[in-house]
Amino acid sequence: MSNVGINIRNYREIKNLTIEELALKIRVGTKTLESYENKEKIPNLQTILKISTALDVPASELLDE
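Criteria and thresholds
- Residues numbered from 1 in each chain as written.
- Predicted model: local features only at pLDDT ≥ 70, side-chain atom pairs only at ≥ 80, totals over all residues.
- Heavy atoms only, no water.
- Helix = DSSP H or I, 4+ residues; strand = E, 2+ residues; numbered from the N terminus.
- Rg over C-alpha atoms; globule rule 2.2 N^0.38 Å.
- Buried < 20%, exposed > 50% of the residue type's maximum accessible area, 1.4 Å probe, protein only.
- Contact = heavy atoms within 4.5 Å.
- Areas by Shrake-Rupley, 256 points an atom, 1.4 Å probe, with all protein chains shown as cover.
- Lys, Arg positive; Asp, Glu negative; His and termini not counted.
- Charge placed at Lys NZ, Arg CZ, Asp CG, Glu CD.
- Salt bridge = Lys/Arg side-chain N within 4 Å of Asp/Glu carboxyl O.
- Core = buried A, V, L, I, M, F, W, Y, C linked by side-chain atoms within 4.5 Å.
- Axes fitted to C-alpha atoms, helices over the stretch in contact; angles between N-to-C directions.
- Left-handed = near helix turned anticlockwise from the far one by under 90°.
- Nonpolar A, V, L, I, M, F, W, Y, C, P; charged D, E, K, R; others polar.

**Some thoughts on the overall build of the chain**
Step number 1: A count of helices and strands for the chain gives five helices and zero strands.
Step number 2: Overall, the chain shows an N-to-C arrangement of helices and strands of α-α-α-α-α.
Step number 3: A compact globule built from 65 residues would reach a C-alpha radius of gyration of about 11 Å, and the chain, at 10 Å, matches this within 12%.
Step number 4: Taken over the C-alpha atoms alone, the chain extends approximately 25 × 25 × 20 Å along its principal axes.
Step number 5: Put simply, the chain has 65 residues, and 38% of those count as buried.
Step number 6: If you take every contact in the chain between residues at least 6 apart in sequence, the share linking residues at least 24 apart comes to 61%.
Step number 7: Total accessible area on the chain stands at roughly 4100 Å², and carbon and sulfur atoms take up 50% of it.
Step number 8: Taken together, the 9 basic and 10 acidic charged side chains of the chain have centroids lying 6 Å from each other.

**Focus: the pattern of salt bridges**
Step number 1: Applying the stated criterion to the full structure yields three salt bridges.
Step number 2: The salt bridge partner of Glu 37 is Arg 9, with a shortest N-O separation of 3.4 Å. Of the two residues, Glu 37 sits in helix 3 (residues 30–37) while Arg 9 sits in helix 1 (residues 4–14), which places them 28 residues apart along the sequence.
Step number 3: Since its relative accessible area comes to 2%, Glu 37 is described here as buried.
Step number 4: Judged by its relative accessible area of 26%, Arg 9 is partly exposed.
Step number 5: Here Glu 34 and Lys 31 are joined by a salt bridge, their closest N and O atoms 4.0 Å apart.

**Considering the nonpolar core**
Step number 1: By size, the foremost hydrophobic cluster in this structure holds 15 residues, and its most contacted members are Ile 8, Leu 22, Leu 33, Ile 51, Leu 55 and Leu 62.
Step number 2: At the level of secondary structure, the elements contributing two or more residues to this core comprise helix 1, helix 2 (19–26), helix 3, helix 4 (45–55) and helix 5 (59–63).
Step number 3: Counting residues per element, this core draws most heavily on helix 2, which supplies four residues.
Step number 4: Ignoring anything within four residues of it in the chain, the contact list for Leu 22 reads Ile 8, Arg 12, Leu 17, Leu 33, Ala 54 and Leu 55.

**As for the environment of Gly 29**
Step number 1: For Gly 29, the location among the structural elements is in the loop between helix 2 and helix 3.
Step number 2: Judged by relative accessible area, Gly 29 falls into the partly exposed class, the value being 38%.
Step number 3: Taking C-alpha positions, Gly 29 is 9.4 Å from Ile 19, a pair spaced ten residues apart along the chain.

**Remarks on the packing of helix 2 against helix 4**
Describing two packed helices takes the angle between their axes plus the distance from one axis to the other.
Step number 1: Packing of helix 2 against helix 4 leaves a shortest axis separation of 9 Å and a crossing angle of 120 degrees. Where helix 2 crosses over helix 4, the two elements pack in a sense that is right-handed. Contact residues: helix 2 offers Leu 22, Lys 25 and Ile 26, while helix 4 offers Lys 50, Ile 51, Ala 54 and Leu 55.
Step number 2: Residue classes in the contact of helix 2 with helix 4 are distributed as five nonpolar, no polar and two charged.

Structure (structure tokens):
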């Protein structure tokens, strides 16, 4: 199973952003972002790129197992 959701949560917390703040930055609903972080859904590549930009981390860091 992918660790993308865990990585998103970890970097979001490092950047001191709430789920709501990050969701606004990447223009998705908070429930959608929660589903990524809870490993219920895996974001597509375009969304991963938006998240990496918003968190100022390379996309490869989010995809790292």
